[in-house]
Structure formats: C-alpha cells, structure tokens
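So the chains spell out like this:
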Amino acid sequence: EIVNDILDMSKIEAGDIELNEEPCDVFQMADTCMRLVADRAQNGEVALVNTMESDLPRLFADQRMIKQILLNLLSNAVKFTPADGTVTLSAGVDGAGLTVSVSDTGNGIPAEKMAVILEPFGQADMTLQRQFEGTGLGLPLAKGMTELHGGSLTIESTEGRGTTASVSLPADRFVSEQKTA
C-alpha cells in the first residue's frame, strides 16, 4: 500500500498519470468509503455520520481516484479523532460545482503546520515520539488527485476543536448526456 502511494505520488508530480474517467455516483462511492472505515471508527469509539443526500449529481471522473480521496480524508479524520468524537461526511452543490467535506471533532492542526501536511511525507507531528502512524502521503495524494480533476482541496482547522477537509470539483464534471453518449 505504501509503495502504491509513493508510485501514485511520483506519477502525479511527474504529470505522468491519466484519468480513467466514467460516470460516477458520488453518494455510492462515499457510502462504500464510510463502510471501509467503520470498523476503525468503532474500535476508536468514533461516531461516523453521513449527511450527504443520495440525489447528488453524478460526476464524470476517475472512480478509483475519487474513492481514494474520500478514503484518505475519512481515514485521517477517524485517526485523529479521540473516543466519543464524531466524523461527519457532507456534500453541497452550487453553481461552481460539488463540494464534499469531511469534518471531525479531533485535536485540530496547528496553524504553523498547515502547509507541511500537504507536502509529501509531511506530518504535523514529525517527532520520534509521535502518537499516530502514517506516511504523510494521504493528504498530498488527495490534493494531487483532486487537482487532476480540476478541483481543489482546502483544509480548515482550529486547534482543540477539529478539522474540515473539503474537496471541490467543478460543475463541468457533472455528467451530461454528451459525456455519457
């Protein structure tokens, strides 16, 4: 898994990755990703909440990448949320496109570490005594894969209160009759 993440990151950085685009059901993909992190959330006593509506527009996108983006964001949120905390998945549509957000009630990210966490192998806690495992590739991969789709990844965090990671994809990714024909 780590090797695949490193290879994907290298391909993204080199501009040597192609999208395998097809019509995708965002709600279904998100539901699948929620089920994949459910055991870890339950073991950590973290509540998972999905407030997404099932009638979201379908996207013309690389399904594997969209799932990986969602899975990376959900996994991070569960990992950094203490027992009795909550991870919430939500989505909204406006004229600009679709935004999917993962919010947690975790420890938050210090402001001075925000730029570091989006760099490959960057982590908010780089000490040898760090509490959480990981390679520091999840967020950079999510960012790179989102940008390949013409979108953006934003992270808002308040120390001690939690973090919200939002993926915004442009409206031109919505499935139309022309793209499915």
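Residues numbered from 1 in each chain as written. Predicted model: local features only at pLDDT ≥ 70, side-chain atom pairs only at ≥ 80, totals over all residues. Heavy atoms only, no water.

J.: Which residues make up the overall build of the protein, and what values do they have?
T.: Counting its secondary structure elements, the protein contains five helices and seven strands. In the protein, the succession of helices and strands from N to C terminus is α-β-α-β-β-α-β-β-α-β-β-α. Taking all 181 residues of the protein together, the buried fraction comes to 39%. Counted over contacts in the protein with a minimum sequence separation of 6, partners at least 24 positions apart contribute 70%. Counting every atom, the protein has about 9800 Å² of accessible surface; 48% of that belongs to carbon and sulfur. (Helix = DSSP H or I, 4+ residues; strand = E, 2+ residues; numbered from the N terminus. Buried < 20%, exposed > 50% of the residue type's maximum accessible area, 1.4 Å probe, protein only. Contact = heavy atoms within 4.5 Å. Areas by Shrake-Rupley, 256 points an atom, 1.4 Å probe, with all protein chains shown as cover.)

J.: Would you mind going over the nonpolar core in detail, with residue names and values included?
T.: Among the nonpolar cores identified, the biggest contains 38 residues, and Val26 and Leu73 are the most heavily contacted of them. Take this core: its biggest share by element is eight residues, from helix H3 (residues 63–79). Setting aside residues no more than four positions away along its own chain, Val26 makes contact with Met52, Leu56, Pro57, Leu59, Leu98 and Val100. (Core = buried A, V, L, I, M, F, W, Y, C linked by side-chain atoms within 4.5 Å.)

J.: For the confidence of the model for the protein, give the residues involved together with the corresponding values.
T.: Scored by pLDDT, the protein comes out at a mean of 82, with 76% of its residues at no less than 70. For the stretch residues 124–132, pLDDT sits under 50, and the model shows nine contacts to residues farther than four places along the chain or on other chains. (pLDDT = per-residue confidence, 0-100.)

J.: Can you lay out the packing of helix H2 (residues 26–43) against H3 for me, pointing to particular residues and giving the numbers?
T.: Across the interface, H2 lies against H3 with an axial gap of 9 Å and an inter-helix angle of 30°. Here H3 runs roughly parallel to H2, going by the angle between their axes. For the element pair H2 and H3, the recorded crossing hand is right-handed. Residue-level inspection shows Met29, Ala30, Cys33, Met34, Leu36, Val37, Arg40 and Ala41 of H2 in contact with H3, the latter providing Gln63, Ile66, Lys67, Leu70, Leu71, Leu74, Ser75, Val78 and Lys79. (Axes fitted to C-alpha atoms, helices over the stretch in contact; angles between N-to-C directions. Parallel < 35°, antiparallel > 145°, perpendicular 65-115°, else oblique. Left-handed = near helix turned anticlockwise from the far one by under 90°.)

J.: So what's going on with the side chain of Ser101? Which residues, and what values?
T.: With respect to the helices and strands, the residue Ser101 is situated in strand S5 (residues 97–104). Assessed through its relative accessible area of 11%, Ser101 is described here as buried. A distance of 2.7 Å separates polar atoms of two side chains, one belonging to Ser101 and the other to Ser166. (Polar contact = N/O pair within 3.5 Å; in protein donor to acceptor, adjacent residues only side chain to side chain.)

J.: So, unusual backbone geometry: which residues are in play, and what are the values?
T.: Glycine aside, residues mostly have negative phi angles, and peptide bonds mostly take the trans form. Of note in the backbone geometry, Glu45 takes a positive phi value of approximately 60° without being a glycine. Unlike most non-glycine residues, Asp84 shows phi in positive territory, near 70°. Take Asp84: it is sitting in the loop between H3 and strand S4 (86–94).

J.: Tell me about the pattern of salt bridges, residues and numbers included.
T.: With the rule as written, the count across this model stands at three salt bridges. Between Glu21 and Arg173 there is a salt bridge, with the nearest N and O atoms lying 2.4 Å from each other. With Glu21 in strand S1 (residues 21–24) and Arg173 in the loop between strand S7 (162–170) and helix H5 (177–180), this pair connects stretches of sequence that are 152 residues apart. (Salt bridge = Lys/Arg side-chain N within 4 Å of Asp/Glu carboxyl O.)

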